[in-house]
Amino acid sequence: MSFVNVDLLALARDATYFTTLSATNITSPAISLLSYSPEFQTVLGENATARKIADLPWEAFHEAGIYNKKDNSLYVTSNYQSLDDNINITVVSLDDYSITSTQFPDLWEANGGTSYYPPGADQTQTPPQQVYCDEGDFEHYSQLVAVDPNANTSTVLLTSFMGRNFSSVNDVRQHPVTGDLWFTDADYGYFQDFRAQPSQPKQVYRFEPSTGVVQVVADGFVEPNGLEFSPDLKTLYVTDTGAQKFTFNGTGPATIYAFDIQCDKTLTNRRTFAFSDTGFPDGIHCDTEGNVWASAGDGVHIWNPEGILLGKIFVGETSNNFAFAPGKVFVFSNSRLWVVENVKAVGREVCKDFGVGCEK
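Described below are features of the structure shown in this document.

About the criteria used
Residues numbered from 1 in each chain as written. Predicted model: local features only at pLDDT ≥ 70, side-chain atom pairs only at ≥ 80, totals over all residues. Heavy atoms only, no water. Buried < 20%, exposed > 50% of the residue type's maximum accessible area, 1.4 Å probe, protein only. Helix = DSSP H or I, 4+ residues; strand = E, 2+ residues; numbered from the N terminus. Pairing = 2+ DSSP bridges. Core = buried A, V, L, I, M, F, W, Y, C linked by side-chain atoms within 4.5 Å. Axes fitted to C-alpha atoms, helices over the stretch in contact; angles between N-to-C directions.

Quick notes on the pairing of strand S20 (residues 255-262)
- Among the eight residues in S20, six count as buried, and that is most of the element.
- Sheet analysis places S20 next to strand S21 (residues 266-275), joined by seven bridges and oriented antiparallel. Paired with Asp260 across the strands is Thr268, a residue of S21.
- Adjacent in sequence and paired antiparallel, S20 and S21 are bridged by three residues, among which Cys263 carries a positive phi angle near 55°.

As for the nonpolar core
- Ranked by size, the top nonpolar core spans 40 residues in total, and within it Leu33, Trp293, Ile313, Val329, Phe330 and Val340 carry the most contacts.
- Grouped together as the second largest cluster of nonpolar side chains are 18 residues, Ala23, Leu34, Tyr237 and Cys286 included.

With respect to the pairing of strand S19 (residues 235-240)
- Of all six residues in S19, six are buried, a share of seventy percent or more.
- Neither face of S19 is exposed, since Thr235, Tyr237 and Thr239 on one face and Leu236, Val238 and Asp240 on the opposite face are all buried.
- Here strand S18 (residues 224-229) runs beside S19; their pairing, made up of four bridges, is antiparallel. Across the sheet, Pro224 pairs through a bridge with Asp240, a residue of S19.
- Here S18 folds back onto S19 in antiparallel fashion, the turn holding five residues, of which Leu233 has a positive phi close to 65°.

Side note on the sheet that holds strand S28 (residues 336-341)
- The four strands lie next to each other as S3-S28-S27-S26, forming an open sheet whose pairing is antiparallel. Both outer strands of the open sheet, strand S3 (49-55) and strand S26 (321-325), are each paired with one neighbouring strand and no more. With strand direction ignored, the average angle separating the axes of adjacent strands in the sheet is 20°.
- With six bridges connecting them, strand S27 (residues 328-333) and S28 associate as antiparallel partners. Counted as the bridge partner of Val331 is Trp338 from S28.

Have a look at this one:
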């Protein structure tokens, strides 16, 4: 597969430019690599190829994408269907891309997640657990739940902010130095009719699993969603998907904000980092060079650290999240799963999660 070069001057002068490209003028989802800058091929790798590896009759590939070393698999949360059954966890084997489904105790409506070192864990090994954002439902609190996927056991870590019910906790990252869990709380359980009307502002939180301390570190969002640390841990990126509530409204935020991290605990200097031209930025990750990758309305968008769009992994439909693996990027678009192979970029957490790519 070759890269498709986007002529930025032609695009600037012609709003219908994308109808002239065969890669983007499509009637059904298909994957291509759109280069908005020569730097994109350097980031992705000149030998990168992309293909679809699954197309299912249900929305199995929605959020999370957490690696488990013991079975060499990615754990991906499905999209919500109904209260008749909990949200499934889709297990994608990296050996042969076979797919199975599972559920974990006390995890009801799983959404975003991260690999997890519980307090006292040996951090010279790959993370032994996973943490999921459980959006909750009408009977269960929205909460953070730690899971051991190999033992099929769960531990509830946090169910409220000082007794006040969260709306629908959405995504979470573990700070690699302090072990704190940073997470967002949005309204999507309410918008999808499985949570009561929210009673909390939309905020970003920091939680200390070892002490129980929970702190609001940022507010003023319409719908805070994905979050990610820069590789030097000096910046936190937070996506605001407020353009999507009950329906999509293009005048709402589809924005990535950046914050300075102070003393590993607080945030200052909020600023706009980037705006997605299609849909809204949802799941977000950095690579080890500081480039920012986010799922959006037509695939995965990649910006350099200055917020300049370098390119897209274009699939022609909404991608809610994606996951790095050694030499690969897996793109989730609900019923479809895509992979980009021979990737030069290394995800920020690949060294921690896979135990490879740690040379830098």
